[in-house]
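Notes for the structure review
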Amino acid sequence: MTDTPQRTRPLRVLAAMSGGVDSAVAAARAAEAGHDVTGVHLALSANPQSFRTGARGCCTIEDSRDARRAADVIGIPFYVWDLADRFREDVVEDFIAEYEAGRTPNPCLRCNEKIKFAALLDKALALGFDAVCTGHYAKVIVNADGSRELHRASDMAKDQSYVLGVLDEKQLAHAMFPLGDTVTTKEEIRAEAERRGLAVAKKPDSHDICFIADGDTQGFLAKRLGKAEGDIVDESGTRLGTHEGAYGFTIGQRKGLRIGTPAPDGKPRYVLDISPVTNTVTVGPAAALDVTALTAIKPRWCGTAPTGPGTYTAQLRAHGGETEVTAEPVDGELRVTFTEPVRGVAPGQAIVLYDGTRVVGSATIASTTRATAAV
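Please read these numbers as outputs of a predicted model, since none were measured by experiment. (Residues numbered from 1 in each chain as written. Predicted model: local features only at pLDDT ≥ 70, side-chain atom pairs only at ≥ 80, totals over all residues. Heavy atoms only, no water.)

**Considerations on the pattern of salt bridges**
Summed over all chains, the structure comprises 23 salt bridges. The residue D90 makes a salt bridge to R86 at a minimum N-O spacing of 2.4 Å. On the criterion of helical spacing, the pair formed by D90 and R86 is a turn pair, its members being 4 residues apart in helix 3 (residues 84–100). Under the relative-accessibility criterion, D90 is labelled buried at 15%. On the accessibility criterion, R86 (34% relative accessible area) is partly exposed. (Salt bridge = Lys/Arg side-chain N within 4 Å of Asp/Glu carboxyl O. Helix = DSSP H or I, 4+ residues; strand = E, 2+ residues; numbered from the N terminus. Buried < 20%, exposed > 50% of the residue type's maximum accessible area, 1.4 Å probe, protein only.)

**Concerning the UniProt feature "active site" (unreviewed entry) in the chain**
In this structure's numbering, the residues bearing the UniProt feature "active site" (unreviewed entry) are C111 and C210. The annotated residues occupy 100 residues of the chain but converge on a single region, no pair of C-alpha atoms lying more than 10.9 Å apart. Mapped onto the elements of the fold, C111 is located in helix 4 (residues 107–126). By relative accessible area, which is 8% here, C111 ends up buried. In this structure, C210 sits in the loop between helix 6 (186–195) and helix 7 (217–225). (UniProt positions renumbered as here; feature names shortened; annotations may be inferred.)

**Quick word on the side chain of T295**
Structurally, T295 can be placed in strand 12 (residues 290–301). Once you skip the residues sitting within four places of it in the chain, T295 turns out to touch E333, L334, R335, T364, I365, A366 and S367. (Contact = heavy atoms within 4.5 Å.)

**A few points about the sheet that holds strand 2 (residues 36–43)**
Strand order across the open sheet formed by 5 strands is 3-2-1-4-7, with parallel pairing between neighbours. Of all the strands in the sheet, just strand 3 (78–82) and strand 7 (175–176) have a single pairing partner and so form its edges. As paired strands, strand 1 (residues 12–16) and strand 4 (residues 131–133) are joined by 3 bridges and run parallel to one another. Paired with A15 across the two strands is C133, which belongs to strand 4. Contacts from helix 2 (residues 61–74) reach strand 2 and strand 3 within the one sheet, and its direction differs from that of strand 3 by about 150°. (Pairing = 2+ DSSP bridges. Axes fitted to C-alpha atoms, helices over the stretch in contact; angles between N-to-C directions.)

Written out as structure tokens, the structure is:
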């Protein structure tokens, strides 16, 4: 197998430049490798001031200017593309609808699926580009038969393959991740940016959700969904307190419950279940969060889909570890059994399957089976 397709011949490359250091270095490396690179910054909000700025942003006017300056230093053409309507519909509205339905979405994964490797890639291909380049830490491997595989980055500490697990083989054929085989610290990436004269070398990393300006997810949802008082109950249905919207909770949450009444055993209680139909939040002991199996929907395969049961490792959140599972596609769904129980698995999250470092595919968790069922 060989590494990413950019090493076979010069390509016309569209480099998605967020205004951060990773995407700037990725664009610079692609240009240095001899590709015909054009930089593009995605305008994802009709009101960029509503997005996070400085250390937390990736889509503001400030970020657009940083990306333009980086493109000027690299010596590549640069454009700003307005994808605000598509982003609002496919990412922001989806985020709100998922929370309203009692699920816990991952907007960064959805952005990669719907924006960077759907809307952006489709437009790039229509304009004659061969590939879209981003600053993600992951690798595309080309097999002898020309097929592509998505693999973890060489440096596991920076691996971002989880949020790319939604990419299919056709999209991987036009994806370029120049940072994927870099085994360096983030400080070394910054040092490289400084050597290249990129002003973003010292710019802090972006974090959390770009379209929630103040980082207050519950407040953001309350403004859009309105307050809806409901009950917080224990596993027996005993009312312990009230809340102002079930959408403000996630499975496994411990803080911010404001129950007041301590548990009989004096131990902390966690969110076990969220019912949007009755607007009820059920809480209980940590042990009740143990999940032994799950069913996931809308599987997307990074290559050929598995045809029967197999043993894999699975990742359940962007910065989570791996756990061993048995998984099998059944009637358009993915059935997963854990070798050892895992805790705090929420519907709406993505489960990404791995075979070694290879990403097999991703699916959205629809339901879970617990070792001790919440009543």
